[in-house]
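# Fold and geometry: a report
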Amino acid sequence: MTTEAFIQKGGGLQVVIGLGQSGLATANYLARRGYRVAVTDANVAPNLAEQLEPNVDIRSFGAVDADLLLSADRIIISPGVALTTPAVKQAQQAGIAIVSDIQLFKEACQAPIVAITGSNAKSTVTTLVGQMAKNAGIKVGVGGNIGVPALSLLEDGLLGDKMQLAVLELSSFQLETISSLGAKVATVLNMSPDHLDRHGDMLSYHQAKHRIFQGAHSIVINRDDALSRPLVADDMPCLSVGSNAPDLDNYGLITEGDGQIYLAKGAQKLINADELKIKGKHNLLNALSALALGELAGIPLESMLKTLQEFAGLPHRCQFVDNVAGVDYFNDSKGTNVGSTLAAILGLGSVYEHRSDRRNKLLLILGGQGKGQQFGELAPLINKYVSQLLLIGEDANIIATHLQQAQISDEVGIHHCQTLEQAMQKVQSLTTNSLSQVAAVLLSPACASLDQYPNYNKRGEHFCQLVTQLASDK
């Protein structure tokens, strides 16, 4: 039943589970539109409770309230709450509808939706497409799993009914309860194991991600990743992107004999990679994805190319921090899964391997909470591009075991450092050695940060602080 149908009916009880940013936005959105709204959260005293609308009069904190859920006409579940939560399963078995805030957004939004998901790079591509639209004079709302909760985009204080395009980053958690999103254009940028502790296996994770294509009017696929391709009708409008040379009207990279790389559509060279501020082949693929999504969303090419030239990337995503004593430092704290770290190693490693001097390798800092991933997949790229490996955090020993089982090269020095501070102390001795091969230090942990930090942002900020301190000591 749609939002308007609920209002006409008089509106049964809407129960929001989880009072994070999206839960708060959902509860207030519904309350302002005349719903009877209740909120329940496992936290005894949620930080955002004071920001709830006054007419949200049922607030059950300290546990997910099973009785409250069973009295609901509809449950809106926050991304951080698993469908396997016992109280949620009980409500589901009782036939109560369980949706996400994205479902409510889809029902109410009048603007076309660009829907973006993937294991990696979705924040970068979402931001880039949003900026492309804005620079083209389109009234665009950017949100979802990035920054602004989707429902907040519909409030009068932002764009409200003036929005001409919505660009949404969507997580697998948000997608697992969505149906028929009906995006103007949808994409799964890439697929690699992540959140298997929540989804159980790769198949379930894949199925959740691919719900983004339900009802889509057009799609973008990644030729380099077969798992990004959905089962859709042959006549579905589709563009592909890839790191190879493109065919026909698709997007890809053309490499000239002198080593110059161009972003291209078909045989047409669009822009030299050297003109972009973002570096690494993974970022070139992100740029191509943004161009393809933007084309299908109706954004002019000239405006998109200008935006690409100006875009400097996002913090904590292969962010260049500084050059200290001839060594570059990159903060990729957002690299919280194996796939993301693989992309970072390949993207930066392929840049430095062509240096003429001895320093042509990476020093990689890995570790944190592993989320049940298989780290042996990193071994081939580590063997090719990394000379020193520093392991930190809760699952450092697990990572080391996986890499040894995957036959990591004896030429890669492995060091257990426990904390980021200890790792940076070790970095100094490894990079100042006259025999050092290290051209760049890359923090790309392939793990969650919660064993030592509140979030990946704090981990990345700490790394940047340590680099700044290292530079000041020189």
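Residues numbered from 1 in each chain as written. Predicted model: local features only at pLDDT ≥ 70, side-chain atom pairs only at ≥ 80, totals over all residues. Heavy atoms only, no water.

## What about unusual backbone geometry?
Phi is positive for Q407, close to 65°, though the residue is something other than glycine. As for its placement among the helices and strands, Q407 is situated in the loop between α14 (396-405) and β19 (413-418). We classify Q407 as exposed; its relative accessible area is 66%. (Helix = DSSP H or I, 4+ residues; strand = E, 2+ residues; numbered from the N terminus. Buried < 20%, exposed > 50% of the residue type's maximum accessible area, 1.4 Å probe, protein only.)

## As for the state of the cysteines
Within the structure shown, the criterion is met by zero disulfides. C417 provides the cysteine sulfur closest to C447, a residue in no disulfide bond, and the two sulfurs are 14 Å apart. (Disulfide = S-S within 2.5 Å.)

## A look at the environment of K122
The residue K122 is located in helix α6 (residues 122-135) in this model. A relative accessible area of 10% means that K122 is categorised as buried. Separated by 91 residues in the primary sequence, K122 and F213 have C-alpha atoms spaced 15 Å apart. Contacts of K122, omitting those with residues within four sequence positions, involve I116, T117, N145, E169, L170, L189 and K209. (Contact = heavy atoms within 4.5 Å.)

## Some points on the pattern of salt bridges
Summed over the entire model, instances satisfying the criterion amount to seven salt bridges. Residue R74 is joined to E107 by a salt bridge in which the shortest nitrogen-to-oxygen separation is 3.8 Å. Placement of R74 in strand β4 (residues 74-77) and of E107 in helix α5 (residues 101-108) is noted, with a sequence separation of 33 residues between them. For E107, a relative accessible area of 23% puts it in the partly exposed group. Notably, a salt bridge pairs K265 with E295, separated by 2.9 Å at the nearest N-O pair. You can see K265 sitting in strand β13 (residues 261-265) and its partner E295 sitting in helix α10 (residues 281-297), a full 30 residues away along the chain. Residue E295 is classed as partly exposed on the basis of its relative accessible area, which comes to 29%. (Salt bridge = Lys/Arg side-chain N within 4 Å of Asp/Glu carboxyl O.)

## Quick look at the sheet that holds strand β15 (residues 319-324)
If you trace the six strands from one edge of the open sheet to the other, you get β15-β16-β20-β17-β18-β19, paired in mixed fashion. Each edge of the open sheet is held by one strand with a lone partner, namely β15 and β19. Strand after strand, the sheet turns through a mean of 20° between neighbouring axes, direction not considered. Bridge count for strand β17 (residues 361-367) against strand β20 (residues 438-443) is five bridges, and the pairing is parallel. Bridge pairing in β20 links L362 to A440. Its contacts with the sheet put helix α15 (residues 420-432) on β16 (327-331), β17, β18 (386-392), β19 and β20, and the angle it makes with β18 is roughly 160°. Contacting β15, β16, β17 and β20, helix α16 (residues 456-473) crosses the sheet at an angle of about 20° to β15. (Pairing = 2+ DSSP bridges. Axes fitted to C-alpha atoms, helices over the stretch in contact; angles between N-to-C directions.)

## Section: the sheet that holds strand β3 (residues 58-61)
Strand order in the open sheet formed by five strands is β3-β2-β1-β4-β5, and the pairing between neighbours is parallel. Each edge of the sheet is formed by a strand with only one pairing partner; in this case those strands are β3 and β5 (97-99). Across this sheet, the average inter-strand angle for adjacent strands is 20°, counted without regard to direction. This element, α5, spans β4 and β5 of the sheet and lies at about 110° to β4.

## What to know about the nonpolar core
The nonpolar side chains of a soluble globular protein tend to be buried with one another. Within the largest apolar cluster, 45 residues are counted, with the highest numbers of intra-cluster contacts made by F105, I113, L181 and I212. The set of elements that each furnish at least two residues to this core consists of α2 (21-32), β2 (36-41), α5, β6 (113-117), β8 (165-169), β9 (185-188) and β10 (219-222). No other element matches α2, which puts five residues into this core. Those residues in contact with I212 that sit more than four places away from it in its chain are A115, I116, T117, L170, L175, L181, A186, T187 and V188. Core analysis: the second largest hydrophobic core is formed by 40 residues, I278, L288, A292 and L305 among them. (Core = buried A, V, L, I, M, F, W, Y, C linked by side-chain atoms within 4.5 Å.)

## Focus on the environment of A423
Structurally, the position occupied by A423 is in helix α15. A relative accessible area of 0% means that A423 is categorised as buried. Each C-alpha atom, one on A423 and one on R74, is 49 Å from the other, the two residues being 349 residues apart in sequence. Residues in contact with A423, not counting those within four places in the same chain, are I365, L390, I392 and C417.

## A few points about the packing of α15 against α16
It is at 10 Å that the axes of α15 and α16 come closest, and there the two elements cross at 35°. The handedness of the crossing between α15 and α16 is right-handed. Seen from α15, the contacting residues are L420, E421, M424 and Q428; seen from α16, they are R459, H462, F463, L466, V467 and L470. Tallied by class, residues from the contact of α15 with α16 come to six nonpolar, two polar and two charged. (Left-handed = near helix turned anticlockwise from the far one by under 90°. Nonpolar A, V, L, I, M, F, W, Y, C, P; charged D, E, K, R; others polar.)

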